[in-house]
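What follows is each chain in one-letter form.
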Amino acid sequence: MNRSAAAPVARDLARDLAPAVVIAVVVSLVVTSQVSAADGMLALLVAVGLLAVVAATFVALRLESDPAGEPAASTGVGGAQDSGVGSAPLGGPTFMPATGAAFAAGRPGPAAGAAGPARWPAAPAKPILWQRSAALALRHEPLAVSVPKLGNTDEENEDACAFDRAAGRVVVADGASSSFASREWSRALCAEVLHDAAAVDSAGGLGAAATRAAERWRAAVGSGGDVAWWAKQGLERGAFATFIAVEVARVGKKEGWRAAAVGDSCVLQLRHDGGAWQIVTSFPVQPGEEFTSHPDLLQTSAPDDVEGLRWAKGELAAGDVLVVATDAVSEWALTSTDPRTLALLAEAGPEELARELVRRREADEIVNDDCTLVRILTTPQLR
Amino acid sequence: MTYERRVDRHNPSCLVFLVDQSASMQEPILGAPVSKAEALADQLNGLLYELIQRCTKSLNEPPRPYFAISVIGYRTDPKGQPIVGSVLQVPGATGPLCWTTDLANNPLRLNEHFRDGDPEQKFVVPVWVDALASGGTPVCAAIDQAGRIARSWVDRYPDSFPPIVINLSDGESTDGDPTEWSTRLRSMATSDGNVLFFNLDLSSSSAQPALFPAAPQPDWNRFSRLMFDMSSPLPDVLLSAAQAQGFAAPPGARGFGLNADFRSVVTFLNVGTAIGHMLR
């Protein structure tokens, strides 16, 4: 997050007088802290100070964890003039059957992996209603990490996340790269749902929040005016994003969580069984289930269409960890055969997590996508 | 695993369309009052438009170079000599591949249309490809051209999703048996899999129409059988795209269509290039 990106967040905080809330938005690795101030100026000062620390931390982390550096200019927008691609027949062997030896044999890929673990029961299609007073403030500061896909800058990260510690709510959204201004859309969704319990209660509630988010998106993107044909039609087509909101609350005498999701951003409930970390629950994508290239999405052009909305809930045991993450991280967690993967997600600090996400993406263990996660810890004294 | 690479600026995607421009393409296509050549040009323009949309991220930035696209027309001159070359006219392009960024800024023209006939609701339809139909069908020369492009691509982007080559033709090859050419084309590979070669047979034979079949049928003629044999099986990502469009598309289904009508051209192109949906 650079200063220019940070400033609007600070203004939002001050304007909303957001009590006990920190928005940890994206674009990099963000470590946040709690703002508790009734006074607007105080909130602003705290937020500005906080963001300065965040920015400094981020710069240090980037310097430390950016192994590949920026991509070669030929892969950027200017790559269109790339002569190597343009002049196809030059350089490489010619494509002539008479000289077949010139062609490298195809490199067959490895066989498909073994089938995953058995599927769990499908998520319920009905909303999980709780009494509002049952919501629990988070005992610990959540950890939020977000790194843009390799080759992209922080300003191009299309994931967003936010948490409201007092309300016990975490929101994560993943803007679809093939859509227009999806970064602004995922941020708008997080901002609107964060303080809106109704958005997690019902399809109508989420539709209303997404409708407000679409207005926020339009204001952020601009009207266009006299622009190129592709820009005009991009505005009309709009943005798409997957979305998940997770709340922690009291259920009877126990603590639990509930989630509302559209698409394949997931919540993973991790538990240490004495020997290792295990996945107790994942939602909405189950172990063994494929992450497809066409998940359900919320869209700016029809924000109240929440047809893909699913709900789930679970009980928390002492020491459980909830990880709310976009699809690339979720898929890694659900499919990785490395025993260290879940331990990293459950225990690692923000710097180590960011480094590992980058490293494992380079090793093709994680698909090259924006990677975002928010981690919530429950306490050993919970019961 | 293969055919899983997501498209980004590090690993852009290469799409090559081979367009039959022989005289028989003047015949009307099934299902619409236009010639096969016009139907193909229309659908290719629509597809390029859609791909560019997927690369468009903001008002302030031109569409990104996620896709390098080539449209190769093939026909013969009156003496039967093959004429094979790029149909896209983009200033400054030094070869047959054009990035989506340059395509966006260089359509041949912008056709104006009005939604519901309302003069207030103008919208533009960019055109990059015009219909053309004359002469013979030099399929081997066309695959040769596609192979050169693919060779250059896999050398330059060895870890990208492999090039997808889509041949749209209604006629029997007039310059020899293309089998060997297609085998060589499909033998090239990136670390993510072999080059994919798909064929849409636009001829109007007596056989039952078919899209993405897994096995040849007895009523197919020799030419259709040949095109089926040349076609790559659909990788999982495209198989699920075909299924999402309502096709049975069993495992082993080929990127092949027979007796295509207007609608199946649309479907075939959408499924064959569903790699565009891997932009996440």
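Computed from a predicted structure; not experimentally measured.

Chemist: Looking at this model, I keep getting lost on the overall build of chain B. Mind explaining?
Modeler: In terms of helices and strands, chain B carries seven helices and twelve strands. Taken over the C-alpha trace, chain B has a radius of gyration of 18 Å; the compact-globule value for 280 residues is 19 Å, and the two agree within 12%. Expressed as a percentage of its 280 residues, the buried residues of chain B come to 59%. Nonlocal contacts in chain B, meaning residues at least 24 apart in sequence, comprise 75% of its contacts between residues at least 6 apart. In the structure as shown, chain B presents an accessible area of about 10200 Å², 49% of it carried by carbon and sulfur atoms. One way to put it: in chain B the 22 positive side-chain charges average out to a point 6 Å from where the 29 negative ones average out.

Chemist: Explain the environment of Ser-13 of chain B to me, please; I cannot follow it from the model alone.
Modeler: Within the fold, Ser-13 of chain B resides in strand β1 (residues 13-20). Not counting the four nearest positions on each side in its chain, Ser-13 of chain B is found in contact with Val-7, Tyr-66, Phe-67, Ala-68, Trp-153 and Ile-275 of chain B.

Chemist: Is there a simple way to think about the packing of helix α4 (residues 179-187) of chain B against helix α5 (residues 222-230) of chain B in this case?
Modeler: Any two packed helices are characterised by the angle at which their axes cross and by the distance between the axes. All names here are of chain B. Contact geometry for α4 and α5: axes closest at 9 Å, N-to-C directions at 15 degrees. Here α4 is positioned roughly parallel relative to α5, judged by the angle of their axes. You can see that α4 and α5 cross each other, and the crossing is right-handed. Along the contact surface, α4 presents Thr-179, Ser-182 and Arg-186, while α5 presents Leu-226, Asp-229 and Met-230. Here the residues of the contact of α4 with α5 sort into two nonpolar, two polar and two charged.

Chemist: When you look at the environment of Ala-23 of chain B in this model, what are you seeing that I'm missing?
Modeler: Residue and element names in this part refer to chain B. Locating Ala-23 in the fold gives a position in the loop between β1 and α1 (36-54). You can call Ala-23 partly exposed: its relative accessible area is 33%. Considered as a pair, Ala-23 and Leu-132 are 109 residues apart in the sequence and their alpha carbons are 8.5 Å apart.

Chemist: Help me out: how do you make sense of a negative patch on the surface in this one?
Modeler: Residue and element names in this part refer to chain A. On the surface, Asp-296, Asp-304, Asp-305 and Glu-307 cluster together into a patch of negative charge. Position of Asp-305 relative to the elements: it lies in the loop between β9 (298-299) and β10 (310-316). Classification of Asp-305 by relative accessible area gives partly exposed; the value is 32%.

Chemist: Teacher, can you tell me more about the confidence of the model for chain A here?
Modeler: Predicted coordinates in regions of low pLDDT should not be interpreted in detail. Residues and elements named next belong to chain A. Of all residues in chain A, 64% attain a pLDDT of 70 or more, and the chain-wide mean is 72. Here residues 1-40 scores under 50 on pLDDT; set against residues more than four positions off or in separate chains, the count is 100 contacts. Contacts for the low-pLDDT stretch residues 42-123, under 50 throughout, to residues beyond four places or in other chains number 139 contacts.

Chemist: Explain the packing of helix α9 (residues 340-347) of chain A against helix α10 (residues 350-362) of chain A to me, please; I cannot follow it from the model alone.
Modeler: Residue and element names in this part refer to chain A. It is the contact of α9 with α10, at a shortest axis distance of 9 Å, that shows an interaxial angle of 145 degrees. As for the relative orientation of α9 and α10, their crossing is left-handed in sense. Here Arg-340, Thr-341, Leu-344 and Leu-345 of α9 come into contact with α10, specifically with Glu-352, Leu-353, Glu-356 and Arg-360.

Chemist: Is there a simple way to think about the pairing of strand β7 (residues 266-272) of chain A in this case?
Modeler: Regular strands place side chains that alternate from one sheet face to the opposite one. Residues and elements named next belong to chain A. Counting buried positions over the seven residues of β7 gives five, a clear majority of the element. Bridge count for β7 against strand β8 (residues 277-283) is six bridges, and the pairing is antiparallel. What sits directly across from Leu-270, in β8, is Ile-279. Linking β7 to β8, which pair antiparallel, is a turn of four residues; within it Gly-274 sits at a positive phi near 100 degrees.

Chemist: Which parts of the structure should I look at to understand helix α6 (residues 203-221) of chain A?
Modeler: Since the α-helix turns once every 3.6 residues, residues separated by three or four places project in the same direction. All names here are of chain A. Taking 1.5 Å of rise per residue, 19 residues should cover 27 Å, and α6 covers 26 Å from first to last C-alpha, within 8% of that figure. By the burial criterion, the buried members of α6 are Gly-205, Leu-206, Gly-207, Ala-209, Ala-210, Ala-213, Ala-214, Trp-217 and Val-221. Residue Gly-222 follows α6 closely and has a positive phi angle near 95 degrees.

Chemist: What's the story with helix α7 (residues 262-272) of chain B in this structure? I'm lost.
Modeler: Here α7 of chain B has its buried residues at Ser-264, Val-265, Thr-267, Phe-268, Leu-269, Val-271 and Gly-272 of chain B. Two to three positions downstream of the cap, the backbone nitrogen of Arg-263 of chain B sits 3.2 Å from a side-chain oxygen, assigning the N-cap of α7 of chain B to Asp-261 of chain B.

Chemist: Can you help me understand the side chain of Asn-152 of chain A in this one?
Modeler: On the secondary structure map, Asn-152 of chain A appears in the loop between β2 (143-147) and β3 (159-164). Looking at Asn-152 of chain A, the relative accessible area reads 8%, which means it is buried. A distance of 2.6 Å separates the side chain of Asn-152 of chain A from the side chain of Arg-9 of chain B, its partner in a polar contact. Once you skip the residues sitting within four places of it in the chain, Asn-152 of chain A turns out to touch Arg-9 and Arg-64 of chain B.

Chemist: Is there a simple way to explain the pairing of β3 of chain A in this structure?
Modeler: All names here are of chain A. Of all six residues that make up β3, six are buried, and the element is covered over most of its length. Judged by which residues are buried, β3 turns out to be covered on both faces: Asp-159, Cys-161 and Phe-163 on one side and Ala-160, Ala-162 and Asp-164 on the other are all buried. Sheet topology places β3 next to strand β4 (residues 169-175); six bridges connect them, and they run antiparallel. Within the sheet, the bridge partner assigned to Asp-164 lies in β4 and is Arg-169. Taking the residues that link successive antiparallel strands as the turn, the β3-β4 hairpin has four residues, and the phi of Gly-168 there is positive, at about 65 degrees.

Chemist: Just checking my understanding: could you explain the confidence of the model for chain B for this structure?
Modeler: When the pLDDT values of chain B are averaged, the result is 90; 98% of them are 70 or greater. Model confidence for the complex: the whole-complex pTM is 0.72, and ipTM, which rates the interface, is 0.82.

Conventions used here
- Residues numbered from 1 in each chain as written.
- Chains lettered and ligands numbered in written order.
- Predicted model: local features only at pLDDT ≥ 70, side-chain atom pairs only at ≥ 80, totals over all residues.
- Heavy atoms only, no water.
- Helix = DSSP H or I, 4+ residues; strand = E, 2+ residues; numbered from the N terminus.
- Rg over C-alpha atoms; globule rule 2.2 N^0.38 Å.
- Buried < 20%, exposed > 50% of the residue type's maximum accessible area, 1.4 Å probe, protein only.
- Contact = heavy atoms within 4.5 Å.
- Areas by Shrake-Rupley, 256 points an atom, 1.4 Å probe, with all protein chains shown as cover.
- Lys, Arg positive; Asp, Glu negative; His and termini not counted.
- Charge placed at Lys NZ, Arg CZ, Asp CG, Glu CD.
- Axes fitted to C-alpha atoms, helices over the stretch in contact; angles between N-to-C directions.
- Parallel < 35°, antiparallel > 145°, perpendicular 65-115°, else oblique.
- Left-handed = near helix turned anticlockwise from the far one by under 90°.
- Nonpolar A, V, L, I, M, F, W, Y, C, P; charged D, E, K, R; others polar.
- Patch = residues over 30% accessible without salt bridge, like charges linked within 9 Å, V, L, I, M, F, W, Y side chains within 5 Å.
- Salt bridge = Lys/Arg side-chain N within 4 Å of Asp/Glu carboxyl O.
- pLDDT = per-residue confidence, 0-100.
- Pairing = 2+ DSSP bridges.
- Expected span 1.5 Å × (residues − 1).
- Polar contact = N/O pair within 3.5 Å; in protein donor to acceptor, adjacent residues only side chain to side chain.

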